[in-house]
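What follows is each chain in one-letter form.
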Amino acid sequence: MATPITVVSAGGEYMESVVVLEWTAAVGDRVAAGDPLVTVETAKAATEIPAPCEGILSAILAPPGSEVPLSSVLGFVGKDVDDTRSEVEEERTAEGPPPVPLPARDPGASALPGPDLPSGRILASPAARYAAKRLGVALSTVPASSPTGRIKLRDLDAASQAAAAAYARAPADDHAPLRVVASGSGNAPPIVMIHGFGADADSWYPLESRLNRTQRILRIELPNHGGSPKRRVRDFSSLARDIRQAFDDLRLERAHLVGHSLGGACALALADIRPRQIASLALIAPGGLGPVINARFIEGMARATQPASLRPWLRMMVSDDTLISDEFVAAAMFARRDPALRQAQQHMAQDLFPDGTVGFNLNAAMNRLTCPTTIIWGREDEIIPWKDALNAPGRVGLHLFEKTGHVPHLERPEVVLDVLSTVFNKKG
Amino acid sequence: MAMMRYAEALNLALHEEMKRDPRVFLFGEDVGRYGGVFKVSKGLMETFGDSRVRDTPISEQALTAMAVSAAMAGTRPILEIMYADFIPLSLDALVNQASVFSYLWEAHVQIPFVLRTQGGGGVGTGAQHAKSLDSFLTHIPGIKVVAPTTPADARGLLKSAIRDPGPVVFLEHKLLYNTRGDVPEGDELVPIGKARTVCQGTDVSIFASSKMVLEAEAAALELAKEGISADVVDLRTLRPLDLNALKASIAKTHHAVVVNEGWTFCGYAAELSATIMDHCFDDLDAPVARVAMPDMPIPYAETLESAVIPNAARIAAAARTTLA
């Protein structure tokens, strides 16, 4: 290990660089600690820099006449000349083309970090790393242009940069509240409903239109869905936080909670963190109880730009195809006409269901629940396997319907209502 | 629009708010007869009398506790602490009283009071009269902290602070009092918690407040000559922080420089840096660069003082480093 010779301060002046005037020793000379070794010029004075330790002057990096930033390495003192080779190489690479004027090195200014990495790990900025991952670019194939050795966004190709830009879309909307559609009235605790991926508050119509006569209903719309703001949903916990915030903003003392599919997962997470406010929980084909989800469906739904490409996916949701009429498809497509919404949902799907897998598991939350809980599922669900329901503990009620797909409340609203009214009247 | 100095804009806001609301009163050392050492309260005693503009002895600890009690009793006190360096004397009343009373008594009590003070260096006032102790104050949940840069924001934010139902610390800077700017006519409020974009840029975000915004602007001009486009954001409110402004800027530039005149270690710039890491990690293309005061007493000699106070050159250098 050789010891670097540096200019730490130059005569108390605030300087950005110094000019090297003279070296009093040559490479290979023996020096004692404190010996004046090199003279540098600042704005007003010449300053002698002493040898930092005893040894051999093993390298001179800044020859007389060169101007160097304050705190840069002028040379090394080592055991012998060879001792210094690796440090010199490192300094030379770190210098890079054209020298960046450095601020005085105090704890307040961040210096070029010269990162200390275990070998084998590729150094890349978080943004470059994210963009490369999204585009499937191997970082090992990307050369770094920064003197820090860190791969930056600019080192990736244009496609990856575009991906990163899309990823950072509309951050200004980040804290806007989720949309909540209120309807109905009544004195009983209200019903809070959370729809599934690709749907919106209107998808509850078959239930809502019957329940609103006697109860207040609050339908929360997921981010990037319906009239809710579009924003990046990094992972399930951030989605759950969003839902919790929307729920807290409603300031309800007590509520019945109904969630479908991804909304079911959200409802389950909410019941877990706000147990005292949840009177009952009804989960319709909920996500998060197992790893499997029909990725082609999620992808296809989010991508479809016209009725013809949307229809097959809507049909996949139900057991009885005839429910998916042309009018139904047209209405569903109309609700998804905003390209920004579709794109936001595609990103959301990638973040929540990476590689077509449900990236979160709520079985532990399910086991912690104490409120009356019921799971409702169709045995012909092609989106999430109904057998996931069997992971639930014994105290959870289970209603499985024959000849029913992923949306029991669309296919069998009357029976689902029967089940729900029983749940709402149960005492916890 | 009227062109006026920062100190005049504050004076205008005080006149307007004291006229609007008879519960508002001002007290502190030399704020009455003398008109304040920086002339912010000039003419107020003449206009509103010595019961609403009160000169007090030098005892920051007692004064702050008095302000809290007066606010609880239904008035809207404005307390001036002459130098932010003596904020530590006010801290007990802020940390153990003003910030928690509403919580302890389940919102039956409100503490609507404004603590005005000024800090910062640059004129050779030494180690006891030049500090920026932003982080002492922003550390306290339940206290809002604002630090306006322009005369317009000084007036608009002071009016918002006086009308706020909770305690607000209002940080001024001794080198801003004589700066001039347009101030809108009418009862224009500037909301607490909203940052201001000073100049739009695409390469690097610079976040600053108070006097440091002027340095950041100068740095942006310097950087522009080198083809670097800086997005300068004046935070205006230090707490609650305008997170959306932070995120929107970094989503554009992927590079951040955070600036604060206070000390580096555990300072406000450190908080900004950590917040950016929490919320924008995947958007970052380089480590966040921090520009703040070195951890040392502020030297009295102006040459030494100017070497330690963050300035445009250091901000520009930090921007270049993060972009390298």
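What comes next concerns the included structure. Please read these numbers as outputs of a predicted model, since none were measured by experiment.

Glancing now at the overall build of chain B. A count of helical and extended segments in chain B gives twelve helices and 14 strands. Relative to its full complement of 324 residues, chain B shows a buried share of 61%. Counted over contacts in chain B with a minimum sequence separation of 6, partners at least 24 positions apart contribute 83%. Carbon and sulfur atoms provide 57% of the accessible area of chain B, an area that totals close to 12100 Å².

Residue and element names in this part refer to chain A. Looking at the secondary structure, you find Asp155 in the loop between α2 (126–135) and α3 (158–167). As a buried residue without a salt bridge, Asp155 has its nearest oppositely charged side chain in Arg154, at a separation of 4.1 Å. Here Ser145 takes part through its side chain, which lies 2.6 Å from a polar atom of the side chain of Asp155. Ignoring anything within four residues of it in the chain, the contact list for Asp155 reads Val142, Pro143, Ala144, Ser145 and Arg150.

Residue and element names in this part refer to chain B. With mixed pairing, the seven strands of this open sheet are ordered in space as β3-β2-β4-β5-β7-β6-β12. Both outer strands of the open sheet, β3 (53–55) and β12 (237–239), are each paired with one neighbouring strand and no more. Between one strand and the next, the sheet's axes are offset by a mean angle of 20 degrees, whatever the strand orientation. With four bridges joining them, strand β4 (residues 76–81) and strand β5 (residues 114–119) adopt parallel strand pairing. Its bridge partner being in β5, Glu80 is matched across the sheet by Arg116. The strands touched by helix α3 (residues 60–72) within the sheet are β2 (24–28), β4 and β5, with β4 carrying the most contacts at an inclination of about 165 degrees.

All names here are of chain A. Within helix α8 (residues 307–317), the full set of buried residues consists of Leu310, Trp313, Leu314, Met316 and Met317. Viewed end-on, α8 has its buried residues packed into an arc of 150 degrees, placing them on one side of the element. In this structure, the buried side of α8 is in contact with α7 (295–303), α9 (326–335) and α12 (408–411).

Counting across every chain of the model gives 32 salt bridges over all chains. When the shortest N-O distance is used, the salt bridge between Asp283 of chain B and Arg232 of chain A registers 3.7 Å. In this pair, Asp283 of chain B is assigned in the loop between α10 (268–280) and β14 (289–293) and Arg232 of chain A in the loop between β11 (217–220) and α5 (236–250), connecting two distinct chains. By the burial criterion, Asp283 of chain B is buried, and Arg232 of chain A matches it. Linked by salt bridges that have partners in common, Glu16, Glu17, Arg20, Arg155, Lys159, Arg163 and Asp187 of chain B make up one network.

Turning our attention to the sheet that holds strand β2 (residues 17–23) of chain A. Residue and element names in this part refer to chain A. Reading across the sheet, the four strands line up as β5-β4-β2-β7 and stay open at both edges, with antiparallel pairing between neighbours. The open sheet terminates on both sides in strands that have one partner only, identified here as β5 (46–50) and β7 (67–69). Each strand of the sheet is rotated relative to its neighbour by a mean of 40 degrees, with strand direction disregarded. Inspection of the sheet shows strand β4 (residues 36–41) paired to β5 by five bridges, in the antiparallel sense. Residue pairing across strands places Pro36 opposite Pro50, the latter belonging to β5.

With that settled, the discussion passes to helix α8 (residues 211–225) of chain B. Residue and element names in this part refer to chain B. In this model α8 runs 22 Å from its N-terminal to its C-terminal C-alpha over 15 residues, within 8% of the 21 Å that 1.5 Å per residue would give. Within α8, burial applies to Lys211, Met212, Val213, Glu215, Ala216, Ala219, Ala220 and Leu223. Against the buried residues of α8 lie β7 (168–173), β9 (196–199), β10 (204–208), β11 (230–234), β13 (256–263) and α12 (312–323).

This part is about the nonpolar core. Counting residues in each nonpolar core, the largest one holds 65 residues, and the members touching the most others are Phe236, Leu239, Leu262, Leu281, Phe353, Met366 and Ile375 of chain A. If sequence neighbours within four positions are ignored, Leu281 of chain A has contacts with Leu257, Ala267, Leu268, Ala271, Leu369, Cys371, Pro372, Thr373, Thr374 and Val423 of chain A. By size, the runner-up hydrophobic cluster in this structure holds 46 residues, among which are Leu79, Ile87, Leu137 and Leu235 of chain B.

Time to look at the environment of Met277 of chain B. Following the sequence through the fold, Met277 of chain B ends up in helix α10. Ignoring sequence-local partners within four residues, the contact set of Met277 of chain B consists of Leu284 and Val288 of chain B.

What follows concerns the side chain of Ser160 of chain B. All names here are of chain B. Counting through the fold element by element, Ser160 comes out in helix α7 (residues 151–163). With relative accessibility at 10%, the residue Ser160 sits in the buried group. Once you skip the residues sitting within four places of it in the chain, Ser160 turns out to touch Leu189, Val190, Pro191 and Ile192.

Our next topic: the packing of aromatic side chains. Residues and elements named next belong to chain B. Counted according to the given criterion, the structure contains eight aromatic pairs over all chains. The interplanar angle of 65 degrees and the centroid separation of 6.3 Å between the aromatic rings of Phe38 and Tyr83 together place this pair among those described as edge-to-face. Pair noted here: Phe38 is in the loop between β2 and α2 (44–48) and Tyr83 is in the loop between β4 and α4 (87–98), with a separation of 45 residues, a long-range link. Of the residues examined, Tyr83 reaches a relative accessible area of 16% and is grouped as buried.

The rules we used
Residues numbered from 1 in each chain as written. Chains lettered and ligands numbered in written order. Predicted model: local features only at pLDDT ≥ 70, side-chain atom pairs only at ≥ 80, totals over all residues. Heavy atoms only, no water. Helix = DSSP H or I, 4+ residues; strand = E, 2+ residues; numbered from the N terminus. Buried < 20%, exposed > 50% of the residue type's maximum accessible area, 1.4 Å probe, protein only. Contact = heavy atoms within 4.5 Å. Areas by Shrake-Rupley, 256 points an atom, 1.4 Å probe, with all protein chains shown as cover. Lys, Arg positive; Asp, Glu negative; His and termini not counted. Salt bridge = Lys/Arg side-chain N within 4 Å of Asp/Glu carboxyl O. Polar contact = N/O pair within 3.5 Å; in protein donor to acceptor, adjacent residues only side chain to side chain. Pairing = 2+ DSSP bridges. Axes fitted to C-alpha atoms, helices over the stretch in contact; angles between N-to-C directions. Arc of directions from axis to C-beta. Expected span 1.5 Å × (residues − 1). Core = buried A, V, L, I, M, F, W, Y, C linked by side-chain atoms within 4.5 Å. Phe/Tyr/Trp six-rings, centres within 6.5 Å; stacked < 30°, edge-to-face > 60°.

Shape descriptors only; they carry no functional weight alone.
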